[in-house]
Amino acid sequence: MADLILKPGREKSLLRRHPWIFSGAIHHLDEEPASGSTVNLLSADGHFLARASYSPASQIRARVWTFTDEPVDREFFRKRIRAAIEMRRRLNVESDADSYRLIYAESDSLPGLIVDRYGEVLVLQSLTAGAEYWKDTLASLLLEETGLAILYERSDADVRELEGLQPKVGLLSGENYQLPITITEHNLRFLVNLQTGHKTGFYLDQRNNRLRVRELAKDRDVLDCFCYTGGFTVNALAGGAKSVLSVDSSAEALELCKENIALNDLPVSRHTALEGDVFQLLRKFRDENRSFDLIILDPPKFAPTAAHAEKAARAYKDINLLAFKLLRPGGILVTFSCSGGVDAGLFQKIVAGAALDAGVEAQVVEWLSQAADHPVSLHFPESAYLKGLVCIKQRPEG
Ligand code: SAH
């Protein structure tokens, strides 16, 4: 096993248990390790710090598997996978849904590995050279530890490029399963296309926030912006919304949204699907003096990293400002950001700026986040990416 020796003082983040080593922190390696293989991390004065996977192509050159000198082998990964599964069991996630995140990378001490469970199907996403190196081992352990038979790979996220890895999609185990599959979440059913859907197929992180929207939707005229396959739309209809207008730029997503409404026997007559650009349509609605009682804004990631924060802030402000204008007095805005580069404090400031410029008074009544099966390691705050605000537009006084 190669030794990776850090520059003096560069062990500080590791002592705080942050799992990443950037290329600039490295003094030298005693030999060039194979991509994804395990290396010992040593301080400049030769003290052992951790064992990590080596990513030669990435600026994040090493990611910690363990802060002890235990062997990194099949049994090591079995322990980590078991711990992740056991944690979800303790949380009783399965009482809410048959689909949830089983392994969330750094937050489950398995950097680069994401595994989502969709009913009887596991979906694996390998994001780093280290996860790729151990993929066959991880795949067979996942099947053993869950007792499931079908494992599908969705290693087609853009970040793989930074690791010098090609996209890979396909069945790793099992056969004859039907696509798309149907999942159940808080007693509603959704069709999920595991082959072409976003992320691993569905936005599992929004599960509880969708339920919250169901509770808020009764008798309201709802606008669901960036609706994808209808997660919020279906919940709003199930909650007794008077009408729901769902907007997305993807015709394929809107098609599944309509199918999901029918699948749950919800009133199709109360629903309208509109294909288009949310930024343009919100302006059009404003010009037409349209108004709504409940608006959901769940846009894609505008800022993957802090470097994109400023441009992202303008985009968030734009849609939130327009949404505040379109809301009736007493109406509710449920607004999200899934950008890692925009933290919760900044997001709230952006939404406050949007209300100010829209000339409305609003109160925040709830702070929302990713579901518990997407935990945040306290040592890796980067994994807290989803934040949401529930805001109420005040009625004019008098
Ligand atoms: N709310 C959804 C997830 C939204 S994901 C859920 O709970 O499942 C973001 C969605 O925004 C994607 O479906 C994507 O097609 C859509 N999108 C991205 N840019 C858009 C734009 N400018 N206008 C409309 N839709 C857009």
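Residues numbered from 1 in each chain as written. Predicted model: local features only at pLDDT ≥ 70, side-chain atom pairs only at ≥ 80, totals over all residues. Heavy atoms only, no water.

(A) Molecular detail of the overall build of the protein chain. Across its full length, the protein chain holds 10 helices and 20 strands. Taking 2.2 N^0.38 as the reference for a compact globule, 398 residues should give roughly 21 Å; the C-alpha atoms of the protein chain span a radius of gyration of 23 Å, in line with that estimate. Taken along its principal axes, the extent of the C-alpha atoms in the protein chain is 70 × 50 × 35 Å. Sequence separation of 24 or more characterises 63% of the internal contacts of the protein chain that already satisfy a separation of 6 or more. In the structure as shown, the protein chain presents an accessible area of about 17,600 Å², 50% of it carried by carbon and sulfur atoms. Taking the average location of the 47 positive side-chain charges in the protein chain and that of its 54 negative ones, the two points are 4 Å from each other. (Helix = DSSP H or I, 4+ residues; strand = E, 2+ residues; numbered from the N terminus. Rg over C-alpha atoms; globule rule 2.2 N^0.38 Å. Contact = heavy atoms within 4.5 Å. Areas by Shrake-Rupley, 256 points an atom, 1.4 Å probe, with all protein chains shown as cover. Lys, Arg positive; Asp, Glu negative; His and termini not counted. Charge placed at Lys NZ, Arg CZ, Asp CG, Glu CD.)

(B) Examining the site of the ligand more closely. As a matter of local geometry, the ligand sits amid 16 residues, with Arg210, Asp248, Asp277, Val278 and Asp298 nearest to it. Measuring from a nitrogen atom of the ligand, one finds a backbone N or O atom of Ser249 at 3.1 Å. Comparing atom positions with the cavity grids shows the ligand to sit within the second largest pocket. Looking at the shell around the ligand, its residues break down into eight nonpolar, four polar and four charged. (Near = heavy atom within 4 Å. Polar contact = N/O pair within 3.5 Å; in protein donor to acceptor, adjacent residues only side chain to side chain. 1 Å grid on protein atoms, 1.4 Å probe; cavity = no way out; pocket = protein on both sides within 12 Å on 5 of 7 lines; lining within 4 Å. Sits in = over half its atoms within 2 Å of the grid points. Nonpolar A, V, L, I, M, F, W, Y, C, P; charged D, E, K, R; others polar.)

(C) Highlighting the packing of helix α9 (residues 309–326) against helix α10 (residues 344–358). Across the interface, α9 lies against α10 with an axial gap of 8 Å and an inter-helix angle of 45 degrees. One element, α9, and the other, α10, form an angle in the oblique class. Helix-helix and strand crossings are classified by hand; for α9 and α10 the assignment is right-handed. Across the interface between the two elements, Ala313, Tyr316, Lys317, Asn320, Leu321, Phe324 and Lys325 from α9 touch Phe347, Ile350, Val351, Gly353, Ala354, Ala355, Asp357 and Ala358 from α10. (Axes fitted to C-alpha atoms, helices over the stretch in contact; angles between N-to-C directions. Parallel < 35°, antiparallel > 145°, perpendicular 65-115°, else oblique. Left-handed = near helix turned anticlockwise from the far one by under 90°.)

(D) Spotlight on the layout of surface pockets. Taken as a whole, the largest pocket holds about 1,800 Å³ of empty space. Taken together, 43 residues make up the lining of the largest pocket; nearest its centre are Leu127, Val159, Lys301, Pro304 and Gly340. Breaking the lining of the largest pocket down by element, the ones donating at least two residues are β2 (20–22), β6 (60–66) and β7 (99–104). Here the residues of the lining of the largest pocket sort into 20 nonpolar, 12 polar and 11 charged. When its volume is computed, the second largest pocket comes out at roughly 380 Å³. Forming the walls of the second largest pocket are 24 residues, and the residues nearest its centre are Tyr203, Phe226, Tyr228, Asp248 and Asp298. Here the lining of the second largest pocket is composed, by residue class, of 11 nonpolar, eight polar and five charged. (Points joined across faces, edges and corners; volume = space filled by probe spheres on them.)

(E) Representation of the nonpolar core in the model. If you look at the biggest cluster of nonpolar residues, it comprises 41 residues, and the most contacted ones within it are Tyr118, Ile181, Leu194, Val222 and Val334. Sort the elements by how many residues they give to this core and helix α6 (residues 231–238) lands first, with four residues. If you count residues domain by domain, this core takes at least three from each of domain 2 (74–179) and domain 3 (203–393). (Core = buried A, V, L, I, M, F, W, Y, C linked by side-chain atoms within 4.5 Å. Buried < 20%, exposed > 50% of the residue type's maximum accessible area, 1.4 Å probe, protein only. Domains from an automatic or database assignment.)

(F) Seen up close, helix α8 (residues 278–287). Considered for burial, the residues of α8 that qualify are Val278, Leu281, Leu282 and Phe285. Looking straight down α8, one finds its buried side chains confined to an arc of 100 degrees; they lie on one side. For α8, exposure combined with an orientation more than 90 degrees from the buried face picks out Gln280 and Asp287. Elements that come into contact with the buried residues of α8 comprise β14 (221–225), β15 (243–248), β16 (271–275), β17 (292–297) and α9. Remark: Asn289 follows α8 within two positions and exhibits a positive phi of approximately 55 degrees. (Arc of directions from axis to C-beta.)

(G) Expanded view of the environment of Lys199. Tracing the chain through its elements places Lys199 in the loop between β13 (188–192) and α5 (207–216). Residue class for Lys199 comes out partly exposed when judged on its relative accessible area of 32%. As a C-alpha pair, Lys199 and Ser43 span 156 residues in sequence and 37 Å in three-dimensional space.

(H) The arrangement of the domain arrangement of the protein chain in detail. Along its sequence, the protein chain is carved into domain 1 (2–66), domain 2 (74–179) and domain 3 (203–393). Here the C-alpha centre of domain 2 lies 25 Å away from the C-alpha centre of domain 1. Counting residues at the interface gives 16 residues for domain 1 and 16 residues for domain 2. At the boundary of domain 1 with domain 2, total buried surface from both sides reaches about 1,100 Å², with 62% on carbon and sulfur atoms. In terms of surface lost to domain 2, no three residues of domain 1 exceed Gly36, Arg63 and Trp65, which account for 50% of the buried area on that side. Our enumeration of links across domain 1 and domain 2 arrives at two salt bridges. Here Arg63 makes a salt bridge to Glu106, at a shortest N to O gap of 3.7 Å. Across the domain 1-domain 2 interface, the total number found is five residue pairs in polar contact (both at pLDDT 80 or more). Only β5 (48–54) and β6 provide two or more residues apiece to the side of domain 1 that touches domain 2. When residues of the side of domain 1 that touches domain 2 are assigned to their parent elements, the largest contribution, five residues, is made by β6. Of the residues contributing to the side of domain 1 that touches domain 2, the split by class is seven nonpolar, eight polar and one charged. (Buried area = accessible area lost by both parts, 1.4 Å probe. Salt bridge = Lys/Arg side-chain N within 4 Å of Asp/Glu carboxyl O.)

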